[in-house]
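Inside the fold
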Amino acid sequence: MTLGTAELIRNANRAGLAVPAFNIPYLPMMRPVIQAVIDEDTFALIEIARLEWVKFAAEGPAAVAAEFAKWQRPEYVRLHLDHVPVVDEDDLAVDYLPIIREAIGLGYQSVMVDGSRLDLEGNIRATREVVELAHAAGIPCEAELGAVLGHEAGPPPPYQDLFASGRGFTKIEEASRFVQETDCDWLSVAVGNVHGAVSGALKDQPKVAARLDIGHLQRLRDATRIPLVLHGGSGVQRSYLLEAIRTGLTKINIGTEIRQAYEREMRSSGDPSRAQEACYERTRRLLHDHLGLSATRERVLGRLDGGAQRPSG
Ligand SMILES: [Zn+2]
């Protein structure tokens, strides 16, 4: 029997482990990323956001699903539809439902709707509609509440000011109401994390060494009782990341770091196989050194007793 992605994320959450989710803005990144996940014996999600086919070369949900199908191993990786925004990073309305329906039809194993640029009521309405679609197909739905900045064009606000003021952080009261009313399965929160830039020359810049407000994360966890998601996982300082995982942060999105490793090698050598190799090495290093998730797969699959995984009796 194959467990669904919802159960696997729940297993990881109970075991105090994280599930990394790797973004694939270029189709040739698929194979090395999946190989790195297999070689580190980790469980991970492979994901694609709308902006990766609008602003990068991922082509679209169908092309990504076809590439995934070539290399997939359900015991190691599952396919997730990342950010489909209701209003996008350039402030334009997106016809989001057909995209989500298409992905569900293509066999994506979980989806996300991002209504975080709407007001609370609008976000709840849009999310609830997508949750119903996803649940009818038997798959989980991720949503976002709060402002994870960084995808917008133009220079980002100074990070230290942003962190100190808590501006854009997911509000505790709102999170509790949002989860109750939408029935979403996972919630992407803003607790100091920022997306990597995707526009102009900024997209090649190293990310700020972001911090996370662990106390705020704990309060969000207590208020929602569902697995929380960190977007902008690249560049978050390691000590914060590890503490956040212990606090109930379960899905960690990683895009910028592996994208830049691939792009740098493409620019310097122009050789796709060397770029794939760079992407493979970076993904392994992230899993092994940065996240410490090597050889954790069996615990996510629920096959080894990780301590508090299963209630006794
Ligand atoms: Zn994101």
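Here's a quick rundown of the structure. Just so you know, the residues in each chain are numbered from 1, in the order the chain's sequence is written. This being a predicted model, a pLDDT of at least 70 is required before a residue's local features are given, and a value of 80 or more before pairs of side-chain atoms are given or counted; all residues contribute to the totals for chains, interfaces and linings. Hydrogens and water are ignored here; the side-chain numbers use all heavy atoms of the structure.

Looking at the overall build of the protein chain
Rules: The helix count covers DSSP runs of H or I at least four residues long, the strand count covers runs of E at least two residues long, and both are numbered beginning at the N terminus. Two things to know: the radius of gyration comes from C-alpha atoms, and the globule rule equals 2.2 Å times the number of residues to the power 0.38. Throughout this description, buried means an accessible area under 20% of the type-specific maximum (1.4 Å probe, protein chains only), exposed means over 50%, and partly exposed covers the range between. To be clear on the numbers: accessible area is Shrake-Rupley with a 1.4 Å probe, and residue cover counts the displayed protein chains and nothing else. Residues scored as positive are Lys and Arg, those scored as negative are Asp and Glu, and His as well as the terminal groups of each chain are ignored. To locate a charge, take NZ of a lysine, CZ of an arginine, CG of an aspartate or CD of a glutamate.
The secondary structure content of the protein chain amounts to 13 helices and eight strands. Its C-alpha atoms give the protein chain a radius of gyration of 18 Å, within 12% of the compact-globule value 20 Å for 313 residues. In terms of overall dimensions, the protein chain has a C-alpha envelope of 50 × 50 × 40 Å along the principal axes. Split into buried and exposed, the 313 residues of the protein chain put 55% on the buried side. Roughly 12900 Å² of accessible area belongs to the protein chain as shown, and the carbon and sulfur atoms make up 49% of that amount. A distance of 4 Å separates the average location of the 35 positive side-chain charges in the protein chain from that of its 43 negative side-chain charges.

Section: the coordination of the zinc ion
Note the following rule: For Na, K and Ca the donor cut-off is 3.2 Å; for every other metal, N, O and S atoms count as donors within 2.8 Å. Water does not enter the count, which can leave sites looking incomplete.
Those donors, His83 (NE2), His195 (NE2) and His231 (ND1), are the protein atoms that reach the zinc ion, and they lie 1.9 to 2.1 Å from it. Read N to C, the donor residues that coordinate the zinc ion are spaced as H-x111-H-x35-H. A residue pair is termed long-range when its members are at least 10 positions apart, and His83 in the loop between strand 3 (77–81) and helix 5 (96–106) and His195 in the loop between strand 6 (186–189) and helix 9 (214–224) qualify at 112 residues. Each of the two residues, His83 as well as His195, counts as buried.

Regarding the sheet that holds strand 2 (residues 44–48)
Selection criterion: Pairing between strands requires that DSSP locate at least two bridges from one strand to the other. Axes here mean lines fitted to C-alpha atoms, for a helix over just the part in contact, with angles spanning 0 to 180 degrees between N-to-C directions. Here, residues are in contact when the closest pair of their heavy atoms is within 4.5 Å.
If you walk around this closed barrel you meet the eight strands as 1-2-3-4-5-6-7-8, and the pairing is parallel. Pairs of neighbouring strands in the sheet enclose a mean axial angle of 30 degrees, with direction left out of account. Pairing between strand 5 (residues 141–145) and strand 6: four bridges, direction parallel. By the bridge assignment, Ala143 is partnered in strand 6 with Leu187. Lying on the sheet, helix 2 (residues 30–39) is in contact with strand 1 (19–23), strand 2 and strand 3; it crosses strand 2 at an angle near 165 degrees.

A few points about the environment of Arg246
Relative to the elements of secondary structure, Arg246 occurs in helix 10 (residues 238–246). Look at Arg246 and you get exposed, because its relative accessible area is 65%.

Some details on the pattern of salt bridges
Heads up, the condition is: A side-chain nitrogen of Lys or Arg and a carboxyl oxygen of Asp or Glu constitute a salt bridge if their distance falls within 4 Å.
Under the criterion given, the structure shown has 17 salt bridges. Close ionic contact of Glu152 with Arg117 constitutes a salt bridge, the shortest N to O distance being 3.4 Å. Taken together, the residues span a long stretch of sequence, with Glu152 in the loop between strand 5 and helix 7 (159–165) and Arg117 in the loop between strand 4 (110–113) and helix 6 (120–136) at a distance of 35 residues. The partly exposed category is assigned to Glu152, whose relative accessible area is 25%. Residue classification places Arg117 among the partly exposed residues on the basis of a relative accessible area of 30%. In this structure, Arg267 engages Asp204 in a salt bridge whose closest nitrogen and oxygen atoms are separated by 3.7 Å. Within this pair, whereas Arg267 is found in helix 11 (residues 256–269), its partner Asp204 is found in the loop between strand 6 and helix 9, the two being separated by 63 residues in sequence. With relative accessibility at 54%, the residue Arg267 sits in the exposed group.

Quick word on the pairing of strand 6
In strand 6, alternate side chains face the same way, and those of Trp186 and Ser188 on one face and Leu187 and Val189 on the other are all buried. Pairing geometry for strand 6 and strand 7 (residues 228–230), over three bridges, is parallel. Each bridged residue has a counterpart across the sheet, and for Leu187 the counterpart in strand 7 is Leu228.

A word on the nonpolar core
The criterion, for reference: For this analysis, a nonpolar core means a set of buried residues of the types Ala, Val, Leu, Ile, Met, Phe, Trp, Tyr and Cys, connected via side-chain atoms within 4.5 Å.
Membership of the largest hydrophobic core comes to 96 residues, with the highest contact counts inside it found for Tyr96 and Leu187. Leaving out residues up to four positions away in the same chain, Tyr96 has contacts with Val84, Pro85, Val86, Val113, Ala126, Glu129 and Val130.

Some remarks on the packing of helix 6 against helix 8 (residues 172–182)
Selection criterion: In a left-handed crossing the near helix is turned counterclockwise from the far helix by less than a right angle, and in a right-handed crossing that turn is clockwise. Only Asp, Glu, Lys and Arg are considered charged in this grouping, and only Ala, Val, Leu, Ile, Met, Phe, Trp, Tyr, Cys and Pro are considered nonpolar; every other residue, Gly among them, is considered polar.
Between helix 6 and helix 8, the least distance of the axes is 9 Å, while the angle of their chain directions is 35 degrees. Judged by the sense of rotation from one axis to the other, the crossing of helix 6 with helix 8 is right-handed. Counted together, Leu120, Glu121, Asn123, Ile124, Thr127, Arg128 and Val131 of helix 6 and Glu174, Arg177, Phe178, Glu181 and Thr182 of helix 8 form the full contact between these two elements. Class assignment for the residues of the contact of helix 6 with helix 8 results in four nonpolar, three polar and five charged.

Some points on the state of the cysteines
For the record, the criterion: Two cysteine sulfurs form a disulfide in these notes if their separation is within 2.5 Å.
Under the counting rule described, the total for this entry stands at zero disulfides. Not part of a disulfide, Cys141 finds its nearest cysteine sulfur in Cys184, a span of 6.9 Å. Since its relative accessible area comes to 4%, Cys184 is described here as buried.

A word on the packing of aromatic side chains
Convention followed: Two rings belonging to Phe, Tyr or Trp (six-membered ring only in the last case) form a pair when the distance between their centres is within 6.5 Å. Interplanar angles under 30 degrees mark stacking, angles over 60 mark edge-to-face geometry, and anything in between is tilted.
Summed over all chains, the structure comprises four aromatic pairs. Relative to Phe56, the ring of Tyr26 has its centre 6.1 Å away and its plane inclined at 80 degrees; by these criteria the two rings are edge-to-face. A residue pair is termed long-range when its members are at least 10 positions apart, and Tyr26 in the loop between strand 1 and helix 2 and Phe56 in the loop between helix 3 (50–54) and helix 4 (61–71) qualify at 30 residues. Each ring, one from Phe163 and one from Phe169, has its centre 6.1 Å from the other, and the planes form 70 degrees; the classification is edge-to-face. Exposure remark for Phe163: the relative accessible area of 16% places this residue in the buried category. Look at Phe169 and you get buried, because its relative accessible area is 13%. In textbook terms, an aromatic cluster arises when at least three aromatic residues are bridged by ring pairs, as seen for Tyr26, Phe56 and Tyr262.

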